[in-house]
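# Coordinates in review
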Amino acid sequence: MSANQDLQKRRDDAFARGLGNQLPVYIERARNAEMWDVEGRRYVDFGSGIAVLNTGHLHPKVQAAVAKQLDAFSHTCLMVTPYAVAVELAEKLNKLAPGPSPKKAIFVTTGAEAVENCIKIARAHTGRSGVIAFGGGFHGRTFMAMALTGKVAPYKAAFGPFPAEVYHAPFPIAYHGVSIQDSLDALEHIFKYDIEPARVAAIIIEPVMGEGGFYIAPPEFLQALRKLCDQHGIVLVVDEIQTGFARTGRMFALEHSGVEPDLMTMAKSLAGGFPLAAVVGKAHIMDAPGPGGLGGTYAGSPIACAAGLAVLEVIEQENLCDRAKVIGETMVAALRDAAKGIPAIGDVRNLGAMVAIELVKNRDPHAPDPDLTKALVKRAAEKGLVILSCGLYANVIRFLVPLTASDAIVREGLGIVVECLRELTGSVKAAVNA
Ligand SMILES: Cc1ncc(COP(=O)(O)O)c(C=O)c1O
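We now examine the environment of leucine 89. Among the structural elements, leucine 89 can be located in helix 4 (residues 84-96). Leucine 89 sits in the buried class, given a relative accessible area of 0%. Spatially, the C-alpha atoms of leucine 89 and leucine 312 are 9.0 Å apart, while their sequence positions differ by 223 residues. When neighbours within four sequence positions are excluded, leucine 89 is seen to be in contact with Phe107, Leu270, Leu276, Cys305, Gly308, Leu309 and Leu312.

Moving on to the packing of aromatic side chains. According to the stated counting rule, one finds seven aromatic pairs in the structure shown. On the basis of an interplanar angle of 90 degrees and a centroid distance of 6.2 Å, the ring pair of phenylalanine 134 and phenylalanine 171 is categorised as edge-to-face. Placement of phenylalanine 134 in strand 5 (residues 130-134) and of phenylalanine 171 in the loop between strand 6 (166-169) and helix 7 (180-193) is noted, with a sequence separation of 37 residues between them. Residue classification places phenylalanine 171 among the buried residues on the basis of a relative accessible area of 3%. Where phenylalanine 138 meets tyrosine 155, the ring centres are 4.7 Å apart and the plane angle is 55 degrees; that geometry is what we call tilted.

Let's shift gears to the pairing of strand 3 (residues 42-45). The pairing of strand 2 (residues 34-37) with strand 3 spans three bridges and is antiparallel. Considered in strand 3, the bridge of methionine 35 is made with tyrosine 43. Turn length for the strand 2-strand 3 hairpin, with the two strands adjacent in sequence and antiparallel, is four residues, and the turn residue glycine 40 shows positive phi of about 85 degrees. In terms of strand pairing, strand 3 meets strand 13 (residues 385-386) through two bridges, oriented parallel. By the bridge assignment, valine 44 is partnered in strand 13 with leucine 385.

Below, the discussion takes up the sheet that holds strand 6. Pairing in this open sheet of seven strands is mixed, and the strands run 4-10-9-8-7-5-6 from one edge to the other. Where the open sheet ends on each side, the last strands, each with one partner, are strand 4 (103-108) and strand 6. Neighbour to neighbour, the strand axes of the sheet diverge by 20 degrees on average, direction disregarded. Judged from the four bridges that link them, strand 5 and strand 6 form a sheet pairing that is parallel. Bridging across to strand 6, valine 131 finds its partner in valine 166. Strands in contact with helix 7 are strand 5, strand 6 and strand 7 (200-205); relative to strand 6, the strand with the most contacts, it is inclined by about 150 degrees. Of the strands in this sheet, strand 5, strand 7, strand 8 (235-239) and strand 10 (277-282) touch helix 8 (residues 219-232), which is tilted by about 170 degrees from strand 7.

Inspection of the secondary structure assignment puts arginine 250 in the loop between strand 8 and strand 9 (263-266). Taking the relative accessible area as the measure of exposure, arginine 250 reaches 34% and is therefore partly exposed. When sequence neighbours within four positions are dropped, the list of residues in contact with arginine 250 reads Glu255, His256 and Cys321.

All right, on to the sheet that holds strand 2 then. The sheet built from four strands is open, its strands ordered 1-2-3-13 with mixed pairing. If you trace the sheet from one side to the other, it starts and ends with strand 1 (27-31) and strand 13, each paired once. Contacts between helix 13 (residues 407-425) and the sheet are confined to strand 2, strand 3 and strand 13, with strand 3 contributing the most and set at about 100 degrees to the helix.

Definitions and cut-offs
- Residues numbered from 1 in each chain as written.
- Predicted model: local features only at pLDDT ≥ 70, side-chain atom pairs only at ≥ 80, totals over all residues.
- Heavy atoms only, no water.
- Helix = DSSP H or I, 4+ residues; strand = E, 2+ residues; numbered from the N terminus.
- Buried < 20%, exposed > 50% of the residue type's maximum accessible area, 1.4 Å probe, protein only.
- Contact = heavy atoms within 4.5 Å.
- Phe/Tyr/Trp six-rings, centres within 6.5 Å; stacked < 30°, edge-to-face > 60°.
- Pairing = 2+ DSSP bridges.
- Axes fitted to C-alpha atoms, helices over the stretch in contact; angles between N-to-C directions.

Structural data, given as structure tokens:
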């Protein structure tokens, strides 16, 4: 039995089956966009630990900042005896958040917690209870986050009942025939059929659906949502957990639309691999809950805050927003070129370096191919590339290349994707001109 197989067996015996596992690959060491497993095999990482490593594995600046903080102290609890790194990071995030209004922040530990806290804050501010989210969206695995998530299997199946007064509207996806107007009409229907707007506390949306399939909310739709929320006094919550920190070519994806959110979530790439999440929002809304209503024992860990400060420095010094655009353009050009000879690639889309291909049968958007998607993830790993699948129909490959990856690594990974797709579909040879 190989070292990976041995660990896989022990894993299966030790963990509950509900804890998913994409690959039987056990990592021993990782740097930037590369990982090595316990058998010494090298992998190119196009998944970034699910969007956490925009600055790569163990960026030297992040590593140094964490080492320095570890030398000082690791925990006091931000709610007991606070510390400067947390204050400094909150100040920076308040400045970076889109829009001109004065902002305030809170730190929590996970993305789901950030989502939960947005709803708490929105309810405290408005005195209302209803929340509207979007079909196919993903907001986390805790109870309110799960209720907001618009995908039953595997996230909600067997776990109900969920918190009341959560409604879903369709996300506008032109590729699947859902227009902006369709989505806006559906919101009006919710106001007619289910709940009056005066009782809706918040509308929550991902500017690019992450787990749901990398569908990009059109700027006009986000602008229309802003208008609708202003009209009815509803808090607009934007979930930037997967889209934030230069991934889409801007610090936050919402900047592409010019919309200012009332509240936004941040997590994942915020702290380069250390557990940290935040809610940042308009100061008067953030201040609605009373002292002690928000927080958590590990919320704003000094180690994670030190990492977060280093991440922000790296994004700026290494121009990672620009780099995201270049990586996105390179990948989309190569994948569109490959798609000419591979009919299974139904769509290639991106916002910056948030890049996806949708795999279908015979170029039919309504004939998803989840089996091919699964096979591609497996075959790519056998050839030394880690990629992630996603999508309401499990037929989308999402590429989350560390923004610090070299051109050579990007080309190498793309080459493996195209080679695997050709092999698996028996398609004609398609060149990768990345
Ligand atoms: C958009 C979005 N919101 C919320 C979450 C939940 O974050 P976490 O897994 O840190 O709780 C995720 C995680 O994938 C996400 O992509």
